[in-house]
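Inside the fold
The primary structure of each chain is shown beneath.
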Amino acid sequence: MTMRLIETKTLGADAASIEFTSIPQTFTDLVALVSARTTVASVAPVITMTINGVSTDRTARRLAGNGSTVESVSTTDSIIGSITGANATANTFGNGLVYLPNYSGNSAKSFSTDFVTENNGTESNQRIYAALWNSTAAITSLTFSQNGNFVVGSTVSLYGITKGSDGSTTVS
Amino acid sequence: MPTTTYTPLANITLGTAASSITFGSIPATYRDLIVIFVGAGSTTLEGRIRLNGDTGANYEYQRLSGNGTTGSAAFATSQTSGFLSSIAQATTTSSLQMTINLCATNIARRKVIVSRADNAANGTDAIVNQYTGTVAAITSIQILTSTGNWAIGTTAALYGVIA
Amino acid sequence: MLIPLGILATAGAGGGGAYEWIATAAGDGTTTSTLTLSSIPSDYKHLQVRYFSRSTANTGTFSMRINGVTTSSYARHELIGSASTTSSTNSSSQTSIQYLLGTAGSGAPGQSYRGGVIDIVDYTSTSKNKTVRALYGGADNTQTTKVALLSGLFLDTTAITSLSFIVGSGFFEGDTRFALYGMRG
């Protein structure tokens, strides 16, 4: 079948980042599922993702809501969404999806993200991102970070998806 | 007994520019179908979709979009194709990426499509389409441009999910 | 394999597929005002629900409850596009997570349904409240159209063992489906 678990990392102590290295090049797409909270003193601070250790050559456009207002912003940083921070309801973690298609190819790397935080109050973030890493290098590592520490229990699961054929469905 | 699913059905990488990519002879085994599309266009265009070859005014959609400056939304009815992405010039550097979830494709009801579209140079969309044509099972999915061609190197992959 | 300091656990790849269909709850149009996915196995890492819904009554709303909890243990926030309007909304201390305009109702054209994909990450954790992410909506144009990215909060660190979907009024129509999938991790 097409979706396979590459690895799940779960923090046993607060840590600045969660990193996947030596990502196999045998899949078509990568999917990361994130459940994370940060020590940053905010309700919904940002989460970043560097690719192959590089945080530059990035472009993104996002659409976001904070529980009250809608905004759309263009950026060139490595922010991919927002997660739940220390000022949000206790024991509450953000929920995010990162989809990286054709990650091992030799074209620039477009990817998408959907991230939500939560909080038993007015403020909470929902964000969708169109993002680009303008590099033709294959993706071999992903590092998730934020501006403090991820708290214990934060987890990221990385999956590989492989395209294929059932032998009867046609495409042209 | 849980059953492994998310089955790859077909895929293509365009070797020649084309105005559409069509998946056909799709088996009725799957409840949901998922298309993952990454491509560039020959000009400024929208991504569009047709089901079972229907070119009639049988599509309606609601979109939510952000272009990097402003959020916007729109609803349209009686379209001759479904809406998949806001108008943009997708290039091989900043390609158009779409994740297209087609719901209940083998159930005799009107089909619903929940999708996302992303182009870092232009914006991001969340979209719902309803197909108001036949309630028959989906046997073909056409991903087309509103104008111009998908570029060489554009990729599309189809997956099936049972339920 | 050495586990890096600070990482509690790393789960490596197994040999089989990571995405599995667990169960489906289906509407019948006459008795199913609530559809429940129960006895959810605990051996996955994340859950996904794919739904397709219509009500027999003139309502566009259904609600989701977790583990049968009916108290004010939920919150909900949404980023919404409806007609030509965008909005960002918030609701706290709720008795369920509501999916407003998440289902077609009897006022919608015949055969029209609404649908979406709901993701719950790390659902077995006993140290986390549960956060739901959903992309859903409908474009049948005799009731208000909508597409939304929803976040929902269940203020309880208990592992998830059941998900209930409750229609706003009437019954879930036949061919309504809430299908549950598990992702290994």
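See the structure printed just above.
Note that the structure is a prediction, hence the values are computed from the model and not measured.

1. Regarding the sheet that holds strand E11 (residues 123-131) of chain B
All names here are of chain B.
- In spatial order, the strands read E2-E13-E4-E9-E10-E11-E6-E7; together these 8 strands make up an open sheet with antiparallel pairing. Each edge of the sheet is formed by a strand with only one pairing partner; in this case those strands are strand E2 (7-13) and strand E7 (71-79). Pairwise comparison of adjacent strand axes, ignoring direction, gives a mean angle of 15° for this sheet.
- By the bridge criterion, 7 bridges tie strand E6 (residues 59-66) to E7 in an arrangement that is antiparallel. Note on E7: the bridge partner recorded for Leu 64 is Ala 73.

2. A few points about the packing of aromatic side chains
- Going through the model one piece at a time under the given rule, you end up with 18 aromatic pairs over all chains.
- With 5.2 Å between their ring centres and 45° between their planes, Tyr 6 of chain B and Tyr 159 of chain B make a pair best called tilted. Of the two residues, Tyr 6 of chain B is situated in the loop between strand E1 (3-4) and E2 and Tyr 159 of chain B in strand E13 (residues 155-161); the sequence distance between them amounts to 153 residues.
- Both rings, one in Tyr 51 of chain C and one in Phe 178 of chain C, keep their centres 5.4 Å apart while their planes meet at 10°; by these two values the pair is stacked. Of this pair, Tyr 51 of chain C sits in strand E4 (residues 46-53) while Phe 178 of chain C sits in strand E13 (residues 177-183), and the two are 127 residues apart along the sequence. There is no split in this pair, since Tyr 51 of chain C and Phe 178 of chain C are both buried.
- In textbook terms, an aromatic cluster arises when at least three aromatic residues are bridged by ring pairs, as seen for Tyr 51, Phe 62, Tyr 99, Tyr 136, Phe 165, Phe 172 and Phe 178 of chain C.
- Note that Lys 9 of chain A overlies the ring of Phe 20 of chain A, its terminal NZ or CZ placed 5.5 Å from the centroid.

3. Quick look at the pairing of E13 of chain B
All names here are of chain B.
- Counting buried positions along E13 yields 7 of 7 residues, so the element is predominantly enclosed.
- Here E13 shows no split at all, with Thr 155, Ala 157, Tyr 159 and Val 161 on one side and Ala 156, Leu 158 and Gly 160 on the other all buried.
- Across 6 bridges, E2 lies against E13 in antiparallel orientation. From the neighbouring strand, Asn 11 faces E13, where its bridge partner is Ala 157.
- As defined by bridge partners, strand E4 (residues 32-39) adjoins E13 across 7 bridges and the pair is classed as antiparallel. Along E13, the bridge assignment pairs Leu 33 with Gly 160.

Reading the values: rules and limits
Residues numbered from 1 in each chain as written. Chains lettered and ligands numbered in written order. Predicted model: local features only at pLDDT ≥ 70, side-chain atom pairs only at ≥ 80, totals over all residues. Heavy atoms only, no water. Pairing = 2+ DSSP bridges. Helix = DSSP H or I, 4+ residues; strand = E, 2+ residues; numbered from the N terminus. Axes fitted to C-alpha atoms, helices over the stretch in contact; angles between N-to-C directions. Phe/Tyr/Trp six-rings, centres within 6.5 Å; stacked < 30°, edge-to-face > 60°. Buried < 20%, exposed > 50% of the residue type's maximum accessible area, 1.4 Å probe, protein only. Lys NZ or Arg CZ within 6 Å of the ring centre and 35° of its normal.

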